[in-house]
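# Structural description and commentary
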Amino acid sequence: MEVSLILNGELRSASVPAETTLLVLLREHLQLTGAKLGCDAGDCGACTVLVDGMAVNACLMLAGQVQGREVITIEGLATAGALHPLQKAFEENAALQCGFCGPGLILAAKALLDRKADPSDGEIRDALSGNLCRCTGFTKIVQAVREAMRAQRAAAAEHAD
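Predicted, not measured: the structure shown is a model, and the values here were computed from it.

## Remarks on the packing of helix α2 (residues 85-92) against helix α5 (residues 138-160)
Where α2 contacts α5, the two axes come as close as 8 Å, and the packing angle between them is 135°. The orientation of α2 relative to α5 falls into the category oblique. Between α2 and α5 lies a crossing of right-handed hand. Judged by residue contacts, Pro85, Leu86, Ala89, Phe90 and Glu92 of α2 engage Ile141, Ala144, Val145, Glu147, Ala148, Ala151 and Gln152 from α5. Here the residues of the contact of α2 with α5 sort into nine nonpolar, one polar and two charged.

This is how it looks when you write it as structure tokens:
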């Protein structure tokens with residue numbers, strides 16, 4: 001089957017078998033390896049991407065389900081060589097160690113901040129509950145999300161002036 005989607009702002013398409021998951025489409029057919037294969041059961045969140053702004057497990061979604069939809073991967077966050085505020089905050093707060101879970105955590109956090117400008121720590125933890133990290137505690141991760149939230153708010157205020 002032919003699948004066409006808006007991937008990180010660009011129209012992309014690939015011919016794949018009907019049983020192909022979104023994760024396989026991204027990694028093997030479109031050479032975007034930011035989303036990771038962890039559990040392959042939707043339990044770890046390593047494969048998290050955004051589909052029409054919602055965080056989804058790419059290992060559980062069929063490629064055909066994104067036909068005509070917008071998909072954002074970790075590769076699509078940085079612009080013009082500048083890190084997205086979440087990527088920068090995760091780096092500055094040492095919120096990741098090995099980095100395997102990073103793309104999924106960052107995209108889950110982006111989905112949250114896109115729909116709620118000032119989430120509580122509990123809401124942040126809830127939004128990230130589908131993403132497992134074995135290297136760090138979630139304290140630094142929550143701290144990074146809060147810092148990114150403040151940076152985005154400051155940037156929005158600066159553009160409003």
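## Topic: the sheet that holds strand β2 (residues 10-15)
Reading across from one edge, β2-β1-β5-β3-β4 is the order of the five strands in this open sheet, with mixed pairing throughout. Taken across any chain shown, the strands that pair with only one partner, and hence form the sheet edges, are β2 and β4 (54-57). Geometrically, the sheet is characterised by an average inter-axis angle of 40° between neighbouring strands, direction not taken into account. Two strands pair when backbone bridges link them, and strand β1 (residues 2-7) and strand β5 (residues 70-72) are joined in this way by two bridges, in the parallel orientation.

The rules behind the values
Residues numbered from 1 in each chain as written. Predicted model: local features only at pLDDT ≥ 70, side-chain atom pairs only at ≥ 80, totals over all residues. Heavy atoms only, no water. Axes fitted to C-alpha atoms, helices over the stretch in contact; angles between N-to-C directions. Helix = DSSP H or I, 4+ residues; strand = E, 2+ residues; numbered from the N terminus. Parallel < 35°, antiparallel > 145°, perpendicular 65-115°, else oblique. Left-handed = near helix turned anticlockwise from the far one by under 90°. Contact = heavy atoms within 4.5 Å. Nonpolar A, V, L, I, M, F, W, Y, C, P; charged D, E, K, R; others polar. Pairing = 2+ DSSP bridges.

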